[in-house]
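Now for the letters of each chain:
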Amino acid sequence: MKYILVTGGVISGIGKGIIASSVGTILKSCGLHVTAIKIDPYINIDAGTFSPYEHGEVFVLDDGGEVDLDLGNYERFLDIRLTRDNNLTTGKIYQSVINKERRGDYLGKTVQVVPHITDAIQEWVEKQATVPVDDDGVEPQVCVIELGGTVGDIESMPFIEAFRQFQFKVRRENFCNIHVSLIPQQPGTTGEQKTKPTQNSVRELRGLGLSPDLIMCRCTTALENSVKEKISMFCHVEPEQVICVHDVSSIYRVPLLLESQGVVSYLSRRLNMPIETRPRKMLTKWKEMSDRSDRLLEQCSIALVGKYTKFSDSYASVIKALEHSALAISHKLEVKYIDSACLEPSTLQEEPVKYHEAWQKLCSSDGVLVPGGFGVRGTEGKIHAIGWARKQRKPFLGVCLGMQLAVCEFARNELGWEGSDANSTEFDPESKHPVVIDMPEHNPGQMGGTMRLGKRRTIFRAPGSILRKLYGDAEYVEERHRHRFEVNPELKSHFEDKGFRFVGQDIEGERMEVIELDEHPYFVGVQYHPEFTSRPIKPSPPYLGLLLASAGKLQSYLQKGCRLSPRDTYSDHSGSSTPDSEISELKLPSISSE
């Protein structure tokens, strides 16, 4: 097993996740099986109780693990499926060590950070690195480990010490360190690139016993040669070990940027890896995808009506799923972020300008998306947006809470359950018409991990369903869930009589999973989160449907059996050296502009 540790210096949020994913991608394109581990030095057991403003979105895995959003990057870039143990936190490590101590595993010894905590970290990494993450079930050959935060943080010290020991345990030829650092530009006229923060960061890392093999420099513009040589001289590395990661037009260009600077050849020498040198099919596809993303002319705008719109990472996977779908239909995506509270009548009284701006954004969009969320703030604004999309026949997709609120809106305005009487018991426990109720197994005593989480099967009950067709006429789909509340199954018949159909349900037929509205171009709600399984070359069907409908191409796409000229839109003339299972899914329909 080869281990690649990615650390960061100077500031956090520097792009370590994208760089770690990109390193994994270029190695996978060489035919290696790659897995990834994210270490978060916070004491929370998992990301499940975070506010999206605190740490970005909570990403959900097949096994129901609520993890850091970087694991979403790994899954999307590498097209793998990770488990909750691929996200390691200080809380998890201390919990496991304390549980051992309580059982008496340490035989009366004093339990200390070194060796007990550091040993537990090393054991966790070694064990998790061997867990297969590809569909073919083959054990990984390379494990990319990203250590969150910055070197020198007090909370990451035990992890740095664990890897200092680990490099000797697994031997030098099986372990290397990539250090990601910021190269700021001098403010003012010269705009000179400054190396001092990187020098200090590398010096600190060395003082803690780790020596970087590659220094990846994050900068606005390409590194000048003199700057590269200066970093090489002061940081005790060869110039070829200094890699420039400047700002690029899309994140899909990052693997190509690293590859062009010889990262693969360096790693293959440094870690003695058996890497083929012939052209790599997967990277060719990435290049074509990023070229295509730069060339798009037609635009499609989607109004994202949510609660956490001030911080785009709150909806990271949703934005990525929209981007994947827009790329598939050759449209440039414009996301219009709308704070749902601004659509409410109370805002008209207090801040009329904000109210009119929000409605102007909504009315000028090609499609409307209401993502998941928790809490009562802004829900009435979301209901107004959903009602507008339904009446104006605008393409609409509701995810999780968005789907539940679509049910509330229809009950109020079409079933005549007046005012706000039709509601979710999450927002009004005394509601006269509880159309959304909490699930029987939900335990409100504890916040973390008490929801219906992870991969669940949804059966399509209606053969003519639009979503079923978009999924390739599948009888069922398996998607990831994260919710505490569900549509009240007892009221189902009231809705279906009016053309509001529950076309997808769980295996027992008790949970309403997919809604569709008759006589509407695209009005779809899903209880699950399809964005978590969207991939750059394999977009999520509900999101693809929203983009197709918003661009006016859905009907022609459906009429042609969802397979318009089923040739690969990315070239197939580049000699494959990737696992076959990975290439077999890289098909996209080419959609002619009508």
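Within every chain, residues take consecutive numbers counted from 1 along the sequence as written. With the structure being a predicted model, the display of local features is reserved for residues of pLDDT at least 70 and the display and counting of side-chain atom pairs for 80 or more, all residues being used for whole-chain, interface and lining totals. Here the side-chain values reflect all heavy atoms present in the structure, with hydrogen atoms and water set aside.

As recorded by an unreviewed UniProt entry, the protein chain carries the name CTP synthase and is attributed to Tetraodon nigroviridis. The UniProt entry for the protein chain carries the following comment under Catalytic activity (unreviewed entry): "UTP + L-glutamine + ATP + H2O = CTP + L-glutamate + ADP + phosphate + 2 H(+)". UniProt positions are given in the numbering used here, feature names are shortened, and annotations may be inferred rather than shown by experiment. A UniProt comment under Pathway (unreviewed entry) is attached to the protein chain, and it reads "Pyrimidine metabolism; CTP biosynthesis via de novo pathway; CTP from UDP: step 2/2."

Student: Help me understand the overall build of the protein chain, please; the structure alone is not making it clear to me.
Tutor: Secondary structure is summarised from DSSP: a helix means a run of H or I of at least four residues, a strand means a run of E of at least two, and numbering begins at the N terminus for each. Within the protein chain one finds 21 helices and 21 strands. Computed over C-alpha atoms, the radius of gyration of the protein chain comes to 25 Å, within 12% of the 25 Å expected from 2.2 N^0.38 for 594 residues, which places it in the range of a compact globule. Residue exposure (1.4 Å probe, protein chains only): buried if accessible area is under 20% of the type maximum, exposed if over 50%, otherwise partly exposed. The buried share of the protein chain, taken over its 594 residues, is 59%. If you take every contact in the protein chain between residues at least 6 apart in sequence, the share linking residues at least 24 apart comes to 74%. All accessible areas in this document rest on Shrake-Rupley with a 1.4 Å probe, and a residue is counted as covered only by the protein chains that are shown. By element, 50% of the accessible surface of the protein chain is carried by carbon and sulfur atoms, the whole surface being about 24,100 Å². In this tally Asp and Glu are treated as negative and Lys and Arg as positive; neither His nor the chain ends contributes. By convention, the point assigned to a charge is CZ for Arg, NZ for Lys, CD for Glu and CG for Asp. With 70 positive and 81 negative side-chain charges, the protein chain shows a spacing of 4 Å between the two charge centroids. Each radius of gyration reported is based on C-alpha atoms, and the globular scaling rule is 2.2 Å times the count of residues to the power 0.38. Should any heavy atoms of two residues lie within 4.5 Å, those residues are considered in contact.

Student: What is the right way to read the sheet that holds strand 18 (residues 485-487) from this model?
Tutor: Whenever strands of a sheet pair, they do so through backbone hydrogen bonds, lying parallel or antiparallel. If you walk across this open sheet you meet the three strands as 14-15-18, and the pairing is mixed. Among the strands making up the open sheet, the edge pair consists of strand 14 (422-424) and strand 18. Geometrically, the sheet is characterised by an average inter-axis angle of 25° between neighbouring strands, direction not taken into account. Pairing geometry for strand 14 and strand 15 (residues 433-438), over three bridges, is parallel. Within strand 15, the residue paired with N423 across the bridge is P434. Think of each axis as a best-fit line through the C-alpha atoms, taken over the contacting stretch in the case of a helix, with angles from 0 to 180 degrees between the N-to-C directions. Across the face of the sheet, helix 16 (residues 401-413) comes into contact with strand 14, strand 15 and strand 18 while running at roughly 165° to strand 14. Strands are labelled as partners when DSSP assigns at least two bridges between them.

Student: It is not clear to me how the domain arrangement of the protein chain should be interpreted in this structure. Could you clarify?
Tutor: A common measure of how large an interface is: the accessible area buried when the components associate. Its domain assignment divides the protein chain into domain 1 (2-290) and domain 2 (296-560). Where each domain begins and ends is defined by an automated method or by a domain database. Spacing between the C-alpha centres of domain 1 and domain 2 amounts to 35 Å. Between domain 1 and domain 2, the residue contacts involve 25 residues of the former and 31 residues of the latter. Here domain 1 and domain 2 share an interface that buries about 2,400 Å² over both sides, 57% of which is from carbon and sulfur atoms. Buried area adds together the accessible area that both of two parts lose upon being put together, with accessible area traced by a 1.4 Å probe. If you sort the residues of domain 1 by the area they bury against domain 2, Y53, V60 and R76 come out on top, with a joint share of 29%. Note on definitions: salt bridges are taken to be side-chain nitrogens of Lys or Arg within 4 Å of carboxyl oxygens of Asp or Glu. Where domain 1 meets domain 2, there are six salt bridges. A salt bridge links R480 to D62; its shortest N-O distance comes to 2.7 Å.

Student: How do you make sense of the packing of helix 5 (residues 113-129) against helix 6 (residues 157-169) when you look at a structure like this?
Tutor: Geometry of a packed helix pair, given as the angle between the helix axes and the separation of the axes. Between helix 5 and helix 6, the least distance of the axes is 9 Å, while the angle of their chain directions is 65°. As summarised for this structure, helix 5 and helix 6 are arranged roughly perpendicular, according to the angle between their axes. Both helix 5 and helix 6 take part in a crossing whose hand is right-handed. Of helix 6, the residues touching helix 5 (which contributes V113, V114, I117, T118, D119, I121, Q122, V125 and E126) are P158, F159, E161, A162, F163, Q165, F166 and K169. Gly falls in the polar group here, along with every residue not listed as nonpolar (Ala, Val, Leu, Ile, Met, Phe, Trp, Tyr, Cys, Pro) or charged (Asp, Glu, Lys, Arg). Looking at the contact of helix 5 with helix 6 residue by residue, the classes come out as 10 nonpolar, three polar and four charged. Angle categories are assigned with fixed cut-offs, so that under 35 degrees is roughly parallel, over 145 is roughly antiparallel, 65 to 115 is roughly perpendicular, and the rest are oblique. Note on convention: near helix rotated counterclockwise from far helix by under a right angle means a left-handed crossing. Clockwise means right-handed.

Student: Honestly, a nonpolar patch on the surface in this entry has me stumped. Any pointers?
Tutor: Two joining distances apply to patches: 9 Å for like charges and 5 Å for nonpolar side chains (Val, Leu, Ile, Met, Phe, Trp, Tyr), and every residue must have over 30% relative accessible area and no salt bridge. Nonpolar side chains collect at one region of the surface, where Y94, I98, V113 and V114 lie side by side and expose about 320 Å² of accessible area between them. Elements with a minimum of two residues in the nonpolar patch: helix 4 (90-103) and helix 5. Examined against the element boundaries, I98 turns out to sit in helix 4. Judged by its relative accessible area of 45%, I98 falls in the partly exposed class.

Student: Looking at this structure, how should I read the side chain of R390?
Tutor: Tracing the backbone through its elements, the reader meets R390 in helix 15 (residues 379-391). Assessed through its relative accessible area of 9%, R390 is described here as buried. Filtering out sequence-adjacent residues up to four positions away, R390 remains in contact with E409, F410, N413, E414, L517, H520 and F523.

Student: What should I look at first to understand empty space enclosed by the protein in this one?
Tutor: With a probe scaled to a water molecule rolled over the atoms, the places where space remains empty come into view. The method works on a 1 Å grid over the protein atoms by themselves. A cavity is a set of points holding a 1.4 Å probe that cannot get out, a pocket is an open set with protein on both sides within 12 Å along at least five of seven lines, and residues with an atom within 4 Å of a point line them. Grid points are joined across faces, edges and corners, and a volume is the space filled by probe spheres set on the points. Across all of its chains, the model carries four cavities of 30 Å³ or more by this definition. Taken as a whole, the second largest cavity spans an internal volume of roughly 50 Å³. Each residue belonging to the lining of the second largest cavity can be placed in one class, and the counts come to four nonpolar, three polar and two charged.

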